[in-house]
Amino acid sequence: MTVSSLMALAALFLVLLWTQTSSGQPSNPCCSYPCQNRGVCVRFGLDQYECDCTRTGYYGVNCTNAEFWTRIHELLKPSPDTLHYILTNFKWLWNIINQTFIRDRLMRLVLTARANLIPSPPTYNSAYGYINWESYSNVTYYTRLLPPVPEDCPTPLGTKGKVKLPDSKYIVEKFLLRKKFIPDPQGTNLMFAFFAQHFTHQFFKTHNRMGLGFTKALGHGVDAGHIYGDNLDRQLNLRLLKDGKMKYQLVNGDMYPPTMAEALVNMSYPPHVPLKNQLAIGQEVYGLLPGLVMYATIWLREHNRLCDILKAEHPTWSDEQLFQTTRLIIIGQTIKIVIEDYVQHLSGYYLKLKFAPELLFDVQFQYRNRIAVEFNQLYHWHPLMPDSFIIDKDEYSYKDFLFNTSMIINYGVETLVEAFSKQIAGRIGGGHNINPHMLKVAAGVIEESRKLRLQPFNEYRKRFHLKPYKTFLELVGGDEEFAKELEELYGDIDALEFYPGLMLEAPRPGAIFGESMVEMGAPFSLKGLLGNPICSPEYWKPSTFGGKTGFDIVNTASLKNLVCLNTKRCPYVNFHVPVVSSEDDRSIKKPSAEL
């Protein structure tokens, strides 16, 4: 056989292979996601598969036939949009409910319904698309909710869409870049934005040297590692090693984080930052933004304040016991503030949310959490950031704001808190609202999802019991030009990527983002918060926190208390910009041009 004949046969083989793939008959049948309703696709042979429907409430070849009680549940269960409407309207009725036992019943229902959507123990991780011991035991990995797209699929997202994904830089510039600042209609402010960043980076710590699927935050949840460091060496260098306290410096009688010369820890500062302004903080990147330094200062003051309270009650306790007990109180305060202030604001619910671990003591619940890569992706809320920052009538560009740690001492905590509480943040959902300074980060999120082979946005919609979108027009809320541009890039709504889908989905009326962000983010959040060991029956008792005084501090924690107990005067502090009228606490000041 001649060389030309061999080349002709090879070309014919490639054509046949391409024809087989493009005709919807991929070599791996799991590429088309045939198993519905949380059924697990198991491949057999070369082109066979089987769906494992165990305990899904469904049966059949593809887990599409509902069992009797599943059908009843589906008939009675209201849609997410219906529930959202009920919870965000009828304020007079919720004011009554919030004063009765019904509030506790509803809160337990919210917690169990949301948390049960997150598997515990975890099933998959960033390295494995099937259940194995490594996925369970190796906490250096992020977990993942859905297995990765198989590597031998005809398209990057399975069987649908184009064979090549659009350039990530083009996506963010075309659909996410801010044209004009869009204020959040819910009235979210920068105090919220910086809290979100400060809070989540105790468990969103990708270990880039190891790889995108690895994390340095081995606690996988609220462990206050952003205050104390994520390892023992860093913690000891930040501690005063006396009376349980953390190191600090005093400036004009006010307490601030120590400099790096006083606490030898690694921090990420560029060369132009003077040594005297290089503050030592638990999280190595928190010198980046004054808002993060502000929260680090507040928590430092709170820790040392609590140490004084505990020492007065327990004069025989060692430095170690004072430190460790104070840390548990700080973790408890954090969870309470996140649920009752942070999540409460974000939800827009008139149901008054409640941090009460005992509500789950009589139901099956696992007190362990693992951070999923999807949760990490979901939480990139860069549109919150404004185009400039207004502090006490002074306007700062990004160039002047970044790494400006001197701002905390020059203005003081009170002034920064008030400024950030009064400046409105941007709307997250709907696209076209990311400041140019953060486009590179957004593009990096898309690239990360591709390397980790996250399944399409619609597959995650189904995983959280949401109806998959049928068209791009439906996704973007009726904007025909927007929808057409997306369809030209992706080819099929079932090939839309996870992060772009979350960010481009049309927001709910008057809301900060769309249905998917809420319905996917809330289960991750609540499982992580209530799955903390301090919420377990063995831990949730006064003795864990040093007695009744410490327990009361946890149970009365709030954003306002956190700030006002650690400042000389109590500034305006809220996650919502100041209201115009007391009649409706959702009305906000019309954002002025300088914001």
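Refer to the preceding data block for the structure.
The numbers attached to residues start from 1 for each chain and follow its sequence in the written order. Residues qualify for local features only when their pLDDT is at least 70, as the model is predicted, and side-chain atom pairs are given and counted only at 80 or more; totals for whole chains, interfaces and linings, by contrast, use all residues. As a rule here, side-chain values come from all non-hydrogen atoms in the structure, and water together with hydrogens is ignored.

(A) View of the overall build of the chain. Within the chain, the regular secondary structure consists of 24 helices and 10 strands. Taking the principal axes of the C-alpha coordinates as reference, the chain spans close to 90 × 55 × 50 Å. Residues classed as buried in the chain amount to 54% of the 595 residues present. Accessibility throughout is a Shrake-Rupley quantity obtained with a 1.4 Å probe, and a residue counts as covered only by protein chains that appear here. When the accessible surface of the chain is summed, it comes to about 27,600 Å², and 56% of that surface belongs to carbon and sulfur atoms. This count recognises Lys and Arg as positive and Asp and Glu as negative, with His and chain-terminal groups excluded. Charged groups are reduced to one reference atom each: NZ for lysine, CZ for arginine, CG for aspartic acid, CD for glutamic acid. Charged side chains of the chain number 61 positive and 59 negative; the gap between the two group centres comes to 2 Å. Elements are defined by DSSP. Helices are runs of H or I of four residues or more, strands are runs of E of two residues or more, and each kind is numbered from the N terminus. Only protein chains enter the area calculation, which uses a 1.4 Å probe; residues under 20% of their type maximum are buried, those over 50% are exposed, and those in between are partly exposed.

(B) Representation of the pattern of salt bridges in the model. Just to be clear on terms, a salt bridge is a Lys or Arg side-chain nitrogen sitting within 4 Å of an Asp or Glu carboxyl oxygen. The final tally for this structure, using the stated rule, is 27 salt bridges. D243 is the salt-bridge partner of K311, the closest N and O atoms lying 3.5 Å from each other. With K311 in helix 11 (residues 290-313) and D243 in the loop between helix 10 (232-238) and strand 7 (249-251), the pair connects residues that are 68 residues apart, well separated along the chain. Residue D243 is classed as partly exposed on the basis of its relative accessible area, which comes to 24%. For the salt bridge of R450 with E447, the shortest nitrogen-to-oxygen distance reads 3.6 Å.

(C) Structural detail: the side chain of T297. Its location among the elements puts T297 in helix 11. Here T297 falls in the buried class, since its relative accessible area comes to 0%. Every residue in contact with T297, bar those within four places of it in the chain, is listed here: M255, Y256, P257, I408 and V413. Here, two residues are considered to be in contact whenever any of their heavy atoms come within 4.5 Å of each other.

(D) Representation of the packing of helix 11 against helix 16 (residues 413-422). For every element, the axis is a line fit to its C-alpha atoms; helices are fit only across the contacting stretch, and the angle between N-to-C directions ranges from 0 to 180 degrees. One can describe the packing of helix 11 onto helix 16 by two numbers: an axis separation of 10 Å at closest approach and a directional angle of 125 degrees. It follows from the interaxial angle that helix 11 and helix 16 lie oblique. For the pair helix 11 and helix 16, the sense of crossing is left-handed. The residues of helix 16 that touch helix 11, namely those facing P290, G291, M294, T297, I298 and R301, are V413, L416, V417 and F420. A breakdown of the residues in the contact of helix 11 with helix 16 according to their chemical character gives 7 nonpolar, 2 polar and 1 charged. Working definition: roughly parallel below 35 degrees, roughly antiparallel above 145 degrees, roughly perpendicular at 65 to 115 degrees, and oblique for all remaining angles. For a crossing to be left-handed, the near helix must be turned anticlockwise from the far one by less than a right angle; the clockwise case is right-handed. Three classes are used: nonpolar for Ala, Val, Leu, Ile, Met, Phe, Trp, Tyr, Cys and Pro, charged for Asp, Glu, Lys and Arg, and polar for all others, with Gly counted as polar.

(E) Geometry of a nonpolar patch on the surface. Among the surface-exposed residues, Y85, I86, F90, W92, L93 and I96 lie close enough to one another that they form a single nonpolar patch of about 620 Å² accessible area. Put simply, the parts of the chain that give the nonpolar patch at least two residues each are helix 3 (80-87) and helix 4 (91-97). Among the elements that take part in the nonpolar patch, helix 4 stands out by supplying 3 residues, more than any other. Relative to the elements of secondary structure, Y85 occurs in helix 3. Each patch is built from residues lacking any salt bridge and having more than 30% relative accessible area; the joining distance is 9 Å for like charges and 5 Å for nonpolar side chains (Val, Leu, Ile, Met, Phe, Trp, Tyr).

(F) Local environment of the nonpolar core. To define a nonpolar core, start from buried Ala, Val, Leu, Ile, Met, Phe, Trp, Tyr and Cys residues and group those joined through side-chain atoms within 4.5 Å. If you look at the biggest cluster of nonpolar residues, it comprises 154 residues, and the most contacted ones within it are Y342 and W381. In terms of residues, this core owes the most to one element, helix 12 (residues 319-347), which gives 12 residues. When sequence neighbours within four positions are dropped, the list of residues in contact with W381 reads F192, Y342, L346, I428, F513 and M517. Among the nonpolar cores identified, the runner-up in size contains 6 residues, and C51, C53, Y58 and C63 belong to it.

(G) A look at the pairing of strand 2 (residues 48-52). A strand pair is defined by DSSP finding two or more bridges across the two strands. Bridge analysis of strand 1 (residues 40-44) against strand 2 gives 5 bridges, and the strand direction is antiparallel. In the strand pairing of strand 2, C41 is matched with C51. Counting the residues that bridge the hairpin from strand 1 to strand 2 gives 3 residues, and of these G45 lies at a positive phi of roughly 60 degrees.

(H) Highlighting unusual backbone geometry. With omega at 5 degrees, the peptide bond leading from S120 into P121 counts as cis. Of note, P121 is situated in the loop between helix 5 (102-115) and strand 5 (124-125). Its identity is not glycine, yet R38 carries a phi of approximately 70 degrees, on the positive side. The class for R38 is partly exposed, based on a relative accessible area of 39%. Positive phi values are uncommon outside glycine, yet F403 reaches one of about 60 degrees. For F403, the location among the structural elements is in the loop between helix 14 (398-401) and helix 15 (406-411).

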